[in-house]
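So you can see what is in the structure, the chains are spelled out below.
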Amino acid sequence: MPGVERSWDVETDLLVIGAGAAGMTAALVGALEGLDVLLCEKSDMVGGTTATSAGTVWIPGSSQSRRAGMPDSVEAARIYLAALLGERAIDERLDTFLKAGPVVLDYLERKSSVRFTAPPVHPDYRDLPGAATGGRALGAVPFDGRELGDDFAHIRPPRREFMILGGMMVGKQDIPALLAPLRTWSNLRHVIGILVRHALDRFRYRRGTRLLMGNALVARLFDSIRRAGVRLRYQTELRELIIVGDEVVGAAVSSPAGALAVRARKGVVLATGGIGWSRELRERLLPEAARRYSLAPSSNTGDGILAAERANAVVESGPGSPALWMPSSVMTQADGHVSVFPHIMLDRARPGLLAVDQAGRRFVNEADSYHDFVEAMLRPHASGSPATPAFLICDRLFIRDYGIGLVHPGTRNLDRFLKARYLIKGATIEALADKIGVDGRQLVQTVERYNHHAERGVDEDFGRGASELNRFNGDPLIQPNPCLRRIGPGPYYAVAVWPSDLAGSAGLRTDSAARVLTRDGAVIPGLYAAGTDSCSIFRGTYPGPGTVIGPAIVFGWLAAMNAAGTLPGDLA
Ligand SMILES: Cc1cc2nc3c(=O)[nH]c(=O)nc-3n(C[C@H](O)[C@H](O)[C@H](O)COP(=O)(O)OP(=O)(O)OC[C@H]3O[C@@H](n4cnc5c(N)ncnc54)[C@H](O)[C@@H]3O)c2cc1C
């Protein structure tokens, strides 16, 4: 091609930008399909947001679900998505995702060390026709970080707030044993096992090597790309795409060796983690009340989207939310670190907690998904008062039993949290209301009404405890409603929560082959996008656990298979 005969510093078949779930999958599959692959990562660690996530992968109809005895079907998922999004939303991209998903999972298990497991219960986020209670949301099988040798240091660690004892990961399955180690022999054995392993790890490593959730997924992808011969460059950052005519033929990157022009014979895959901290994109795409906190690592600054826009691509935001959200509380630690703690599933649905807006009124079913919770924060409320921040309210017993945010269950001394004004305490509900600046009489009324619901086991206002998801995250020992318990005697506590984005939903317009499109729908030859660099197929909704990483993996796979020209006929 004329114009391509410039001088190149590096040449490759497939250039992948960004080493999260989408980029690592694209790089792995490109190499497995026989391409020479260069993966450029801006930071000195692989994993991106993926490494700090729960690593859940929402892919309907998998063989893994059948293997686990929780068979799921693509047909049921179609019914669910049509109920959630409307019939017409099942467009070509979503259709390709549904068809390709199970194929991709089997491909990865067959050809790499990536392994998935289907927990028996992990419900979809809405009780709609076709919803699954298990089998649809898969997890990565835990991984032993020691297998990576020195490269273990290149795996991005989980969020500091989610580790204990200086770097030990804790999975959902560990929590019951850790909370009651003496209740059964098997609890005790489990706790001793993980503590001894962690103690041994700390002789040699900066953190524990028993990798779970997002860290396990990333470590498995990393292990696989090393075996497949992908060339990986750290601290190598996309600056510009290089275009000849209307085709993307490579990219200019900055690296420790200086600025490099990289020729990509089969294409460039953008997988830089979406909007992230880009001030420009946040101002353009996110509502003002939700711009302050992102859960993305600092290296995610919208680079892929912005570079593609300069190459004539266009950002698309579905009719739903431009981002997917979690409510997060914020605390400045003694060493200056600012902890942003997403309230995912450990407290909001537990019995004895409620959330109020700044008028002191409930505005949401607190036990609904984190995304739905924040969507409610951002909507105008009956009270006319804002809910950013909103306040989670509970009594002392609740903190003892379940913890709240950064405060672990059973914590006896709350001084550190009170001093940092992370926890606000009041001897009475009125005193608490006064401290958080809401109307005392209203808050008393709200708590009384909540207690009335708790006594009857039915939340007449918001249906707390009515859905599969609510009950899954509640406390099964509390009946008849595992999400409702009376708020008892004082003192009372409040924690402020803010909207924070866990992923963009707005992103580059792409087609079902993961190719990036212009405003008028033309393909930009040589340019692919996957993961949060591309617009969500779920159009700003959040169907269930894993609905970012599932598509990130599938479209990473599709991008590489298309670039290699090896896509199976029925998916082409
Ligand atoms: C606490 C938490 C839990 C979550 N749990 C889940 C879950 O269970 N399931 C789910 O589906 N989603 C979950 N999410 C969301 C999900 O983790 C992310 O949206 C998803 O992992 C994004 O994947 P990605 O590949 O698009 O980007 P990332 O994983 O963020 O990777 C992007 C990579 O690109 C690199 N990069 C950025 N700019 C450049 C550049 N210019 N040049 C080179 N490299 C660059 C970054 O350094 C980064 O390594 C969670 C999020 C959070 C915060």
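Calculation criteria
Residues numbered from 1 in each chain as written. Predicted model: local features only at pLDDT ≥ 70, side-chain atom pairs only at ≥ 80, totals over all residues. Helix = DSSP H or I, 4+ residues; strand = E, 2+ residues; numbered from the N terminus. Rg over C-alpha atoms; globule rule 2.2 N^0.38 Å. Buried ≥ 20, exposed ≤ 12 C-beta atoms within 10 Å, placed from the backbone. Near = placed C-beta within 6 Å. Pairing = 2+ DSSP bridges. Contact = placed C-beta atoms within 7 Å. Core = buried A, V, L, I, M, F, W, Y, C linked by C-beta atoms within 7 Å. Domains from an automatic or database assignment. Nonpolar A, V, L, I, M, F, W, Y, C, P; charged D, E, K, R; others polar. Right-handed = clockwise from strand over helix to strand, strands pointing away. Arc of directions from axis to C-beta. Axes fitted to C-alpha atoms, helices over the stretch in contact; angles between N-to-C directions. Parallel < 35°, antiparallel > 145°, perpendicular 65-115°, else oblique.

**Brief notes about the overall build of the protein**
Part 1 of the argument: Of regular secondary structure, the protein possesses 17 helices and 24 strands.
Part 2 of the argument: Relative to the globule expectation of 25 Å for 572 residues, the C-alpha radius of gyration of the protein, 24 Å, shows essentially globular dimensions.
Part 3 of the argument: Out of the 572 residues in the protein, the part that is buried amounts to 53%.

**What about the site of the ligand?**
Part 1 of the argument: Near the ligand, the surroundings consist of 41 residues, among which Gly-18, Gly-20, Gly-48, Gly-273 and Gly-531 are the closest.
Part 2 of the argument: Elements with a minimum of two residues in the shell around the ligand: helix H1 (21-32), helix H2 (48-51), strand E11 (237-244), strand E21 (492-504) and helix H17 (549-564).

**Points about the sheet that holds strand E5 (residues 137-140)**
Part 1 of the argument: Spatial strand order, E3-E5-E4: three strands in an open sheet with antiparallel pairing. Because the sheet does not close on itself, it has two edges, and the strands there are strand E3 (57-58) and strand E4 (116-117).

**Re the pairing of E11**
Part 1 of the argument: Where E11 and strand E12 (residues 247-255) come together, seven bridges link them in antiparallel fashion. Within the sheet, the bridge partner assigned to Val-244 lies in E12 and is Glu-247.
Part 2 of the argument: Hairpin connection of E11 to E12: two residues between the antiparallel strands, including Gly-245 at a positive phi of 65°.

**Quick look at the environment of Leu-517**
Part 1 of the argument: Relative to the helices and strands, Leu-517 is located in strand E23 (residues 515-517).
Part 2 of the argument: Note on Leu-517: 19 C-beta atoms within 10 Å, which makes it partly exposed.
Part 3 of the argument: Residues Leu-517 and Ala-308, 209 residues apart in the sequence, show an inter-C-alpha distance of 9.7 Å.
Part 4 of the argument: Apart from residues no more than four positions distant in its own chain, Leu-517 is found in contact with Arg-509, Thr-510, Asp-511, Ala-522, Val-523 and Ile-524.

**Observations regarding the nonpolar core**
Part 1 of the argument: Among the nonpolar cores identified, the biggest contains 168 residues, and Val-268, Val-269, Ala-308, Tyr-528 and Ala-530 are the most heavily contacted of them.
Part 2 of the argument: Here this core spans two domains, and each of domain 1 (10-141 + 214-251 + 258-269 + 505-571) and domain 2 (323-501) adds at least three residues to it.
Part 3 of the argument: Dropping the residues within four chain positions of it, Ala-530 is found in contact with Ala-22, Ala-26, Val-269, Ala-271, Ala-514, Ala-552, Phe-555, Gly-556 and Ala-559.

**Here's the deal with the domain arrangement of the protein**
Part 1 of the argument: Here the protein is described as being made up of domain 1 (10-141 + 214-251 + 258-269 + 505-571) and domain 2 (323-501).
Part 2 of the argument: Taking only C-alpha atoms, the centre of domain 1 and the centre of domain 2 are 35 Å apart.
Part 3 of the argument: Of the residues lining the interface, eight residues belong to domain 1; the matching set on domain 2 comes to eight residues.
Part 4 of the argument: Among the residues forming the side of domain 1 that touches domain 2, the class breakdown is five nonpolar, two polar and one charged.

**A closer look at the pairing of strand E2 (residues 37-40)**
Part 1 of the argument: The alternating pattern of E2 places Val-37 and Leu-39 on one face and Leu-38 and Cys-40 on the opposite face, and all of these are buried.
Part 2 of the argument: Taken together, the four bridges between strand E1 (residues 10-17) and E2 define a ladder with parallel strand orientation. From the neighbouring strand, Ile-17 faces E2, where its bridge partner is Cys-40.
Part 3 of the argument: Regarding the hand of the β-α-β motif, the stretch spanning E1, H1 and E2 is right-handed.

**What to know about helix H14 (residues 429-436)**
Part 1 of the argument: Of the residues making up H14, those classed as buried are Ile-429, Leu-432 and Ala-433. Buried residues along H14 cover an arc of 100° about the axis, so they all sit on one side.

**Observations concerning the environment of His-343**
Part 1 of the argument: Relative to the assigned elements, His-343 resides in the loop between strand E17 (338-342) and strand E18 (354-356).
Part 2 of the argument: Those residues in contact with His-343 that sit more than four places away from it in its chain are Met-326, Pro-327, Ser-328, Ser-329, Arg-348, Tyr-370, Gly-405 and Val-497.

**Here we look at helix H11 (residues 370-378)**
Part 1 of the argument: Where burial is concerned, most of H11 is hidden: seven out of the nine residues are buried.
Part 2 of the argument: Considered for burial, the residues of H11 that qualify are Tyr-370, His-371, Phe-373, Val-374, Glu-375, Ala-376 and Met-377.
Part 3 of the argument: Those residues of H11 that are buried are in contact with strand E16 (323-332), E17, strand E19 (390-395) and E21.

**Let's talk about unusual backbone geometry**
Glycine aside, residues mostly have negative phi angles, and peptide bonds mostly take the trans form.
Part 1 of the argument: In this model, Thr-388 is joined to Pro-389 through a cis peptide bond whose omega is 5°.
Part 2 of the argument: Structurally, Pro-389 is set in the loop between H11 and E19.
Part 3 of the argument: Residue Pro-491 is bonded to the preceding Gly-490 through a cis peptide linkage, with omega at 5°.
Part 4 of the argument: In this structure, Pro-491 sits in the loop between helix H16 (468-473) and E21.
Part 5 of the argument: Positive phi values are uncommon outside glycine, yet Asn-312 reaches one of about 85°.
Part 6 of the argument: Residue placement: Asn-312 occurs in the loop between helix H10 (303-310) and strand E15 (315-316).
Part 7 of the argument: Looking at Asn-312, the number of C-beta atoms within 10 Å reads 18, which means it is partly exposed.
Part 8 of the argument: Phi angles above zero are rare outside glycine, and Arg-421 is one such case at about 55°.
Part 9 of the argument: One can find Arg-421 in the loop between helix H13 (415-419) and strand E20 (424-426).

**Considering the packing of helix H5 (residues 92-111) against H17**
Part 1 of the argument: The geometry of H5 relative to H17 is characterised by a closest axis approach of 9 Å and an angle of 80° between their N-to-C directions. What the angle tells us is that H5 and H17 run roughly perpendicular. In contact with Phe-97, Ala-100, Gly-101, Val-104 and Tyr-107 of H5, H17 contributes Gly-550, Pro-551, Ile-553, Val-554, Trp-557 and Leu-558.
Part 2 of the argument: Considering only residue class, the contact of H5 with H17 consists of nine nonpolar, two polar and no charged.

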